[in-house]
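In case you want the letters, here they are:
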Amino acid sequence: MTKGSTSVKLGLIGCGWVTETLHLPALRGVRAVDVVAVADGDPERLKRVADRFQVQQRHTDYSALLKDPAIEAVGVWLPSDRQVEVAQAVLAAGKHLFIDKPLVFDLKVWDGLIEQAAQSNRKIMVVGLPRRWHRLMRRAREVIRQGSLGKLDLIRTVLTGRNPERRSFHEEGDRHAVKGILYQFGVHHFDVVHSLLQSDVEEIFTAISGDRSTVVVTARLSDDLLVSSTFSEGESRNDEVEIYGQAGRLRVSCYRFDGFEYFPPAAHPGDMKTRVQLATQTLKELPQGLLRMRQGGDFIDSYRVGWQHNVDAIRQDTRPDCTLEEGRRVLQVVLAAMESAALGRPVKVTQISHDRI
Ligand SMILES: NC(=O)c1ccc[n+]([C@@H]2O[C@H](COP(=O)([O-])OP(=O)(O)OC[C@H]3O[C@@H](n4cnc5c(N)ncnc54)[C@H](O)[C@@H]3O)[C@@H](O)[C@H]2O)c1
């Protein structure tokens, strides 16, 4: 994966599912970055991934990758218990750091990384919250910022389904299925809501189903707006955010190329004019939608846009959009949601300072 001598030289630690399926395919489309080295403790996996993406340098011990002075930036995609320790080694080696959302369930551990980062003059970027880069979410953010929906009344979000390529939380033998659902699903929508509205969750209440496969969360934001979110590891897949404003409603469906639907305030969703308008819009967007699907779809594109933003932040010495503090924000909301599930009552998010579960 060589693109030029002025490109950022990147090494990736961990060649598992997420690296092979999302990051490396996305990085193919990112300008001014070269993936020059990969590391993984499993030699067979390392060879397979490095061969597939034509990465020359391969290491079974990641410290060899960190010792290479030619490598300027390193991404860490390891099992959760290794994430912070290896990220700290990356910073100690003087490299820019790309990291997933926080995978530790303890704010103090993440705060330790934030403290170390404050001493470093390298860039530290979270690339594990891709929905903020999703094409349709960016469009929605623009509409909200322009005030086109008027005063907002409520937000409703749904993220359901399971990834057939990965084991479910129950199959993993996860004793904390609710933690898994809130973390793997909730974290993404808590981040989307913040990136759309720029307001924080103040208070949260969590209800869980008897079989612990579905979680419904209601959140009160700092501007008093209410958000209702449903997360479920059932078989039906959906990933949708609806924003209700006094000047109209926006429905954004991340899985559909035509998943950006605006309903004027007085329009009835079932009336013929609205339905014809939406059908016409789908037909108009179909050719681009098919092209995008051939290029990997909107999710790979979300990762590509996020990587490009961060590579540009290194090259142009600008502040990246998604930092360790952004990661901390969603971790704190997840911890508050978990505490609410355990206590059966609403919890103030700022009262959470560590993992009490
Ligand atoms: N943000 C997201 O949306 C998202 C999505 C999927 C996964 N993830 C996270 O990304 C991380 C990686 O996920 P995955 O699905 O690729 O997992 P995975 O189990 O498929 O891959 C982990 C890889 O790390 C390697 N590894 C483990 N210890 C190592 C060490 N000490 N040195 C070198 N290599 C080592 C393993 O051999 C394996 O190839 C996980 O922590 C997961 O929670 C985030």
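Cut-off values and rules
- Residues numbered from 1 in each chain as written.
- Predicted model: local features only at pLDDT ≥ 70, side-chain atom pairs only at ≥ 80, totals over all residues.
- Heavy atoms only, no water.
- Buried < 20%, exposed > 50% of the residue type's maximum accessible area, 1.4 Å probe, protein only.
- Helix = DSSP H or I, 4+ residues; strand = E, 2+ residues; numbered from the N terminus.
- Arc of directions from axis to C-beta.
- Polar contact = N/O pair within 3.5 Å; in protein donor to acceptor, adjacent residues only side chain to side chain.
- Core = buried A, V, L, I, M, F, W, Y, C linked by side-chain atoms within 4.5 Å.
- Domains from an automatic or database assignment.
- Contact = heavy atoms within 4.5 Å.
- Disulfide = S-S within 2.5 Å.
- Axes fitted to C-alpha atoms, helices over the stretch in contact; angles between N-to-C directions.
- Parallel < 35°, antiparallel > 145°, perpendicular 65-115°, else oblique.
- Nonpolar A, V, L, I, M, F, W, Y, C, P; charged D, E, K, R; others polar.
- Salt bridge = Lys/Arg side-chain N within 4 Å of Asp/Glu carboxyl O.
- Near = heavy atom within 4 Å.
- Areas by Shrake-Rupley, 256 points an atom, 1.4 Å probe, with all protein chains shown as cover.
- Pairing = 2+ DSSP bridges.
- Phe/Tyr/Trp six-rings, centres within 6.5 Å; stacked < 30°, edge-to-face > 60°.
- Lys NZ or Arg CZ within 6 Å of the ring centre and 35° of its normal.

**Q** Which parts of the structure should I look at to understand helix α2 (residues 43–52)?
**A** Because each turn of an α-helix spans 3.6 residues, side chains separated by three or four positions in sequence point in the same direction. Inspection of α2 places L46, V49 and A50 among the buried residues, and these make up the whole buried set. Buried positions in α2, seen along its axis, are confined to an arc of 100 degrees and lie on one side of it. By the N-cap criterion, in which a side-chain oxygen at the helix start approaches the backbone nitrogen of a residue two or three places on, α2 is capped by D42, the distance to E44 being 3.1 Å. Phi turns positive, to about 50 degrees, at Q54, one or two residues after α2.

**Q** Just to check I follow, could you spell out the nonpolar core for this structure?
**A** Burial of nonpolar side chains together is a common tendency in soluble globular proteins. Membership of the largest hydrophobic core comes to 74 residues, with the highest contact counts inside it found for W110, L182, L196, L197, I204, I243 and L324. Sorting elements by how many residues they give to this core places helix α7 (residues 177–197) first, with 11 residues. Looking at this core, you find at least three residues from each of domain 1 (8–130 + 303–318) and domain 2 (132–288 + 332–343). Setting aside chain neighbours within four positions, we find L196 in contact with M137, A140, R141, I144, V241 and I243. Core analysis: the second largest hydrophobic core is formed by 28 residues, L24, V35, A50 and I300 among them.

**Q** I would appreciate a short explanation of the state of the cysteines in the present structure.
**A** Counted by the stated rule, this structure contains 0 disulfides. Free cysteine C322: the closest other cysteine sulfur is in C254, separated by 16 Å. For C322, a relative accessible area of 1% puts it in the buried group.

**Q** Any chance you could explain the packing of helix α6 (residues 135–145) against α7 here in plain terms?
**A** Two quantities define a packed helix pair, namely the angle between the axes and the distance from one axis to the other. One way to put it is that α6 packs onto α7 with a least axis distance of 8 Å and a crossing angle of 40 degrees. Between α6 and α7, the interaxial angle falls into the category oblique. Of α7, the residues touching α6 (which contributes M137, A140, R141, I144 and R145) are V192, S195, L196 and L197. Looking at side-chain class alone, the contact of α6 with α7 contains 6 nonpolar, 1 polar and 2 charged residues.

**Q** Looking at this model, I keep getting lost on the pattern of salt bridges. Mind explaining?
**A** Oppositely charged side chains may form a pair once their charged atoms are brought near each other. Counted under the stated rule, the structure contains 26 salt bridges. One salt bridge connects E242 with R156, and the closest N-O pair in it is separated by 2.5 Å. Of this pair, E242 sits in strand β11 (residues 238–245) while R156 sits in strand β7 (residues 152–160); the two residues are 86 residues apart in sequence, bridging distant segments of the chain. Classification of R156 by relative accessible area gives partly exposed; the value is 30%. Measuring nitrogen to oxygen at the nearest pair gives 3.1 Å for the salt bridge that ties R220 to D224. With a relative accessible area of 33%, R220 lands in the partly exposed category.

**Q** I would appreciate a short explanation of the site of the ligand in the present structure.
**A** Inspection of the region around the ligand gives 20 residues, with D40, L78, R82, D100 and R166 positioned closest. Interatomic distance of 2.9 Å between a backbone N/O atom of V18 and an oxygen atom of the ligand. For the ligand, the accessible surface in isolation is 860 Å², of which the surrounding protein chains cover 78%.

**Q** What is the right way to look at the pairing of strand β10 (residues 226–232) in this model?
**A** As paired elements, β7 and β10 share 7 bridges and run parallel to each other. Bridged to L159 within β10 is F231. Here 7 bridges tie strand β9 (residues 214–221) to β10, and the two strands are oriented antiparallel to one another. Its bridge partner lying in β10, V217 is registered against S229. If you look at the hairpin formed by β9 and β10, you'll find 4 residues sitting between the two strands, and D224 has a positive phi there, around 75 degrees.

**Q** Just to check I follow, could you spell out the sheet that holds strand β5 (residues 96–99) for this structure?
**A** Backbone hydrogen bonds hold the strands of a sheet together, and the pairing may be parallel or antiparallel. Strand order in the open sheet formed by 6 strands is β3-β2-β1-β4-β5-β6, and the pairing between neighbours is parallel. The sheet is open, and its two borders are formed by β3 (57–59) and β6 (124–126), each paired with just one other strand. Taken pair by pair, the neighbouring strands of this sheet meet at an average axis angle of 25 degrees, ignoring direction. The pairing of strand β2 (residues 33–39) with β3 spans 3 bridges and is parallel. Looking at the pairing, V38 lines up with R58 of β3. The sheet contacts of helix α1 (residues 17–27) involve β1 (8–13) and β2, and relative to β1 the element is tilted by about 175 degrees.

**Q** Could you clarify how one ought to interpret the environment of P320 in this entry?
**A** Secondary-structure assignment places P320 in the loop between α9 (297–316) and α10 (324–343). Each C-alpha atom of the pair P320 and D223 lies 25 Å from the other, and the pair is 97 residues apart in sequence.

**Q** How do you make sense of the packing of aromatic side chains when you look at a structure like this?
**A** Remark: the centre distance and the inter-plane angle together describe each pair of aromatic rings, the angle taken between the planes. In this structure the tally under the stated criterion is 5 aromatic pairs. Between F105 and Y183, the ring centres sit 4.8 Å apart and the planes meet at 70 degrees, which makes this aromatic pair edge-to-face. Taken together, the positions of F105 in the loop between β5 and α5 (107–118) and Y183 in helix α7 put the pair 78 residues apart, joining distant regions of the chain. A connected cluster of aromatic rings, assembled from ring pairs, spans W77, F98 and W307. For R139, the ring lying beneath its charged end belongs to F260, and the centroid distance is 3.9 Å. The aromatic ring of F263 is capped on one face by R249, whose charged end is 4.0 Å from the ring centroid.

In short, the description is geometric, and any link to function would need to be established separately.
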